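Coordinate analysis (summary)
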Amino acid sequence: MQQDFSLEPLPLADAYRIRHKVFADERGMFKRIGCHQTLLSAGIDAQVRQVNCSLTPTKGTVRGMHFQLPPAAEVKIVNCFQGELFDVLTDLRPSSPTYLQWYGERLSADSHTSLIIPQGFAHGFQALTNDVLMMYLNSTDYAPELESGLHPQDPALSIAWPLPVIGLSEKDASRAFIADNFTGVKF
Ligand SMILES: Cc1cn([C@H]2C[C@H](O)[C@@H](COP(=O)(O)OP(=O)(O)O[C@H]3O[C@@H](C)C(=O)[C@@H](O)[C@H]3O)O2)c(=O)[nH]c1=O
């Protein structure tokens, strides 16, 4: 493992936290956000094809729970560059020991951590402050025809969002709840 980038397993199978080493000096700081070689040596193929960013002006707003279906399933490295958010991932792989479990933790501009969202996971977050800047490193191209999602307030998931949920997009608010015919994401 390279000294400026360490991986810590999350409670969901194959998901990790990246702890960034911060090089601080009189000018400010430097940190490595992604590292293909380090991730590959840990068995994670997350070569970046897209870099995305979102700004969420209002505290309490939820975006999610989103994923892309195979063959456009993606690994996402997510981190927060301004403000604070509660980041959530849900394992949708039926063969996984953590199928349909969710996990959440806070990310902020000061946490110097990112989360690795594996393929076959849904992802979302809630802004805990105003003006949250979120950045994504994505391993796959955007494929709107393979875009899918779960309702962030699906009772089958019971995600404990820290604040009352506000500001859902029309697309997110209209997602159906998980039903008996839900088969997860198969590869
Ligand atoms: C995700 C995405 C959206 N778009 C467009 C579609 C739409 O017109 C506009 C806003 O898209 P959305 O409403 O999907 O934005 P948003 O709800 O912020 O979507 C994001 O949510 C979080 C939780 C994620 O995990 C991300 O991967 C992404 O799905 O941007 C792209 O052009 N490329 C992209 O990669």
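Report on the accompanying structure. (Residues numbered from 1 in each chain as written. Predicted model: local features only at pLDDT ≥ 70, side-chain atom pairs only at ≥ 80, totals over all residues. Heavy atoms only, no water.)

Quick notes on the nonpolar core
- Val78, Leu85, Leu89 and Leu115 are the most contacted members of the largest nonpolar core, which has 17 residues in total.
- When contributions to this core are tallied by element, the ones reaching two or more residues are strand E7 (76-82), strand E8 (84-91), strand E9 (102-108), strand E10 (113-117), strand E11 (121-127) and strand E12 (132-138).
- With 14 residues, the next largest nonpolar core counts Val62, Phe67, Leu92 and Ile178 among its residues. (Core = buried A, V, L, I, M, F, W, Y, C linked by side-chain atoms within 4.5 Å. Buried < 20%, exposed > 50% of the residue type's maximum accessible area, 1.4 Å probe, protein only. Helix = DSSP H or I, 4+ residues; strand = E, 2+ residues; numbered from the N terminus.)

Considerations on the sheet that holds strand E5 (residues 50-56)
- Here we have six strands laid out as an open sheet, ordered E1-E2-E10-E7-E12-E5, and antiparallel in their pairing. Of all the strands in the sheet, the pair left with one neighbour each is strand E1 (5-9) and E5. When the angles between neighbouring strand axes are averaged without regard to direction, this sheet yields 25°.
- Of the strand pairs in this sheet, E1 and strand E2 (residues 16-20) are connected by five bridges, and their pairing is antiparallel. In the strand pairing of E2, Phe5 is matched with His20. (Pairing = 2+ DSSP bridges. Axes fitted to C-alpha atoms, helices over the stretch in contact; angles between N-to-C directions.)

Remarks on the side chain of Asn79
- Relative to the helices and strands, Asn79 resides in strand E7.
- Residue class for Asn79 comes out buried when judged on its relative accessible area of 3%.
- Residues within four places of Asn79 in sequence aside, it is in contact with Ile33, Leu107, Thr113, Ser114, Leu133, Met134 and Met135. (Contact = heavy atoms within 4.5 Å.)

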